[in-house]
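Inside the fold
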2 protein chains.
Amino acid sequence: MAPQLNATAASLLGFLHAGPMTGWDLVTTAETLIGDFWSLTRSQVYRELASMADAGLVKAGATGPRERRPYRLTPSGRAAFRAWLQREPGPELIRFPLLLTVGFGRHLPPEKLAAYVATHRARHAKRLSEFEAVWPAVRDDGDPYLTATLDFGIRYERMVLEWFDALPQEIADP
Amino acid sequence: MAPQLNATAASLLGFLHAGPMTGWDLVTTAETLIGDFWSLTRSQVYRELASMADAGLVKAGATGPRERRPYRLTPSGRAAFRAWLQREPGPELIRFPLLLTVGFGRHLPPEKLAAYVATHRARHAKRLSEFEAVWPAVRDDGDPYLTATLDFGIRYERMVLEWFDALPQEIADP
DNA sequence: AAAGCACCGTCCACAATGGACTGTCAAGGA
DNA sequence: TCCTTGACAGTCCATTGTGGACGGTGCTTT
């Protein structure tokens, strides 16, 4: 009956509470709002949208310019979202390729490893500063729930940078 | 020619440097050594092993008791591993369902959210203490590369706990 | 002796990923 | 005015990953 949703599909329904959006819009809002702790891809979003439309959780509107096709929430979509939200969230999943490279670092020329480390450090520094830039606005006007998730992102990025800076010289700067 | 590996397959080759192992052994070593930042499943390990055997990167030995079938590294497996390790590691992937629940927390009864939060906090506290228990041994005798990855795990878990403890009352304890 | 359990591998349906591919419209430069 | 460029929008597919059911085997303990 109630088609059991996956977390990605449920998130899309969550975003659709703010009004009709196209797949493209959903991808970009998801990236900015939950992208730091929930990855999703374009293919996935369109697939979920199609199957949720089949299930009647969502309804496609008329195709606009550039094949733009907005989806809006239906009452049963709303219900399915609430039902999903009630379920115990599962454990987190992390896949961090750099740590694989570091872990097997003994098989790699030290300068090469150090270069990869430096590249990634820079990427995280950039992300942190982006998060910190939006922090005051989110904290002051947003709801506490979104604020908490952004806080997680900031703490995560800070932690990663500290880890980089605590790396022994043999790894970070041979 | 050189069959381009994926990270999971490459990790298996990495572990096989320590000597022949069965799929089962590989699953358990991977879980303990890289499980905190690289997830893999049994099905996946056996599939990769089979396809790497086809490609000659790995060679199956004689079946022992309990269908135990050890695989050993071949020279071309060694080469493929090194080649993979040279490649720029990609960005990390995180999927943290609890943060989704928190982010959409406005749609959830506060006590329910608080209960989920508490459950997850306990799980992370447990993991941290497990990591801290093995830390001295790894730091003192292991290689610095493995030590660095465990250090990441510890910092990550500590950060998560701090985040839990910084949550506003409305979320953590309504 | 048998019962239970950890060990070992297979199989399958389904979900997710990443990137190639096609096409559309807007804005600015020649 | 026309043309190029690039952001926008969606589709498709091969590969990779997940989760769990299933079947068998050989220690260990009672």
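Residues numbered from 1 in each chain as written. Chains lettered and ligands numbered in written order. Predicted model: local features only at pLDDT ≥ 70, side-chain atom pairs only at ≥ 80, totals over all residues.

What follows concerns the overall build of chain A. Helix and strand counts for chain A come out as 8 helices and 4 strands. In chain A, the order of α-helices and β-strands from amino to carboxyl end is α-β-α-α-β-β-α-β-α-α-α-α. Computed over C-alpha atoms, the radius of gyration of chain A comes to 20 Å, more than 25% over the 16 Å expected from 2.2 N^0.38 for 174 residues, which places it beyond the range of a compact globule. Across its three principal axes, chain A shows a C-alpha extent of roughly 60 × 40 × 40 Å. Buried positions account for 34% of the 174 residues belonging to chain A. Long-range contacts, defined here as pairs at least 24 residues apart, represent 55% of the contacts in chain A between residues at least 6 apart. (Helix = DSSP H or I, 4+ residues; strand = E, 2+ residues; numbered from the N terminus. Rg over C-alpha atoms; globule rule 2.2 N^0.38 Å. Buried ≥ 20, exposed ≤ 12 C-beta atoms within 10 Å, placed from the backbone. Contact = placed C-beta atoms within 7 Å.)

Residues and elements named next belong to chain B. In spatial order, the strands read β1-β3-β2; together these 3 strands make up an open sheet with antiparallel pairing. Either end of the sheet is taken by a strand with one partner, and the two such strands are β1 (21–22) and β2 (58–60). As judged from the 2 bridges shared by β1 and strand β3 (residues 70–73), these two strands associate in the antiparallel manner. Residue T22 lies in a different strand from β3, and its bridge partner there is P70. (Pairing = 2+ DSSP bridges.)

Around DNA strand C, the surrounding shell holds 22 residues, and the nearest of these are S43 of chain A together with T22, W24, S43 and R69 of chain B. For the surface near DNA strand C, the secondary-structure elements that each account for two or more residues are α3 (42–54) of chain A together with α2 (23–34) and α3 (42–54) of chain B. Split into classes, the residues belonging to the surface near DNA strand C amount to 5 nonpolar, 9 polar and 8 charged. (Near = placed C-beta within 6 Å. Nonpolar A, V, L, I, M, F, W, Y, C, P; charged D, E, K, R; others polar.)

This next bit is on the interface of chain A and chain B. At the interface, 50 residues of chain A touch 50 residues of chain B. Among the elements of the structure, α1 (7–16), α4 (75–85), β4 (93–95), α5 (97–103), α6 (110–141), α7 (144–166) and α8 (169–172) of chain A are those that each provide at least two residues to the side of chain A that touches chain B. Sort the elements by how many residues they give to the side of chain A that touches chain B and α7 of chain A lands first, with 13 residues. By residue class, the composition of the side of chain A that touches chain B is 29 nonpolar, 10 polar and 11 charged. Relative to strand β4 (residues 93–95) of chain B, β4 of chain A runs antiparallel, the two sharing 3 bridges. Note on β4 of chain B: the bridge partner recorded for R95 of chain A is L93 of chain B.

Superposition of the two copies of the chain requires a rotation about an axis and a shift along the axis. Superposition record for chain A on chain B: RMSD 0.4 Å, screw rotation 179 degrees, translation along axis 0.1 Å. On this basis, the relationship between the two copies can be described by a two-fold rotation axis. No C-alpha of chain A lies nearer the rotation axis than that of I94 of chain A, which sits 2.3 Å from it. With an isologous cut-off of 70% or more, the 100% of interface residues of chain A that recur at the interface of chain B puts this contact in the isologous class. (Least-squares fit on C-alpha atoms with pLDDT ≥ 70 in both.)

On to the pairing of strand β3 (residues 70–73) of chain A, then. Residues and elements named next belong to chain A. Only one face of β3 is buried: it carries Y71 and L73, and the other face, with P70 and R72, is open. Sheet analysis places strand β2 (residues 58–60) next to β3, joined by 3 bridges and oriented antiparallel. Bridge assignment links V58 to a residue of β3, and that residue is L73.

What follows deals with the protein's contact with DNA strand D. In the vicinity of DNA strand D there are 22 residues, among which T22, G23, W24 and S43 of chain A together with S43 of chain B approach most closely. Elements with a minimum of two residues in the surface near DNA strand D: α2 (23–33) and α3 of chain A together with α1 (7–16) and α3 of chain B. Here the surface near DNA strand D is built from residues that sort into 6 nonpolar, 9 polar and 7 charged.

Moving on to the nonpolar core. Among the nonpolar cores identified, the biggest contains 80 residues, and L13 of chain A together with L13 of chain B are the most heavily contacted of them. With near-sequence residues (within four places) excluded, L13 of chain B lies in contact with L57, L73, G77, A80 and F81 of chain B. (Core = buried A, V, L, I, M, F, W, Y, C linked by C-beta atoms within 7 Å.)

The next thing to look at is α2 of chain A. All names here are of chain A. Of the positions making up α2, those classed as buried are G23, L26 and A30. The buried residues of α2 occupy an angular sector of 55 degrees when projected down its axis, which confines them to one face. Where α2 is buried, its residues touch α1, β1 (21–22) and α3. (Arc of directions from axis to C-beta.)

None of this, on its own, says anything about what the molecule does.
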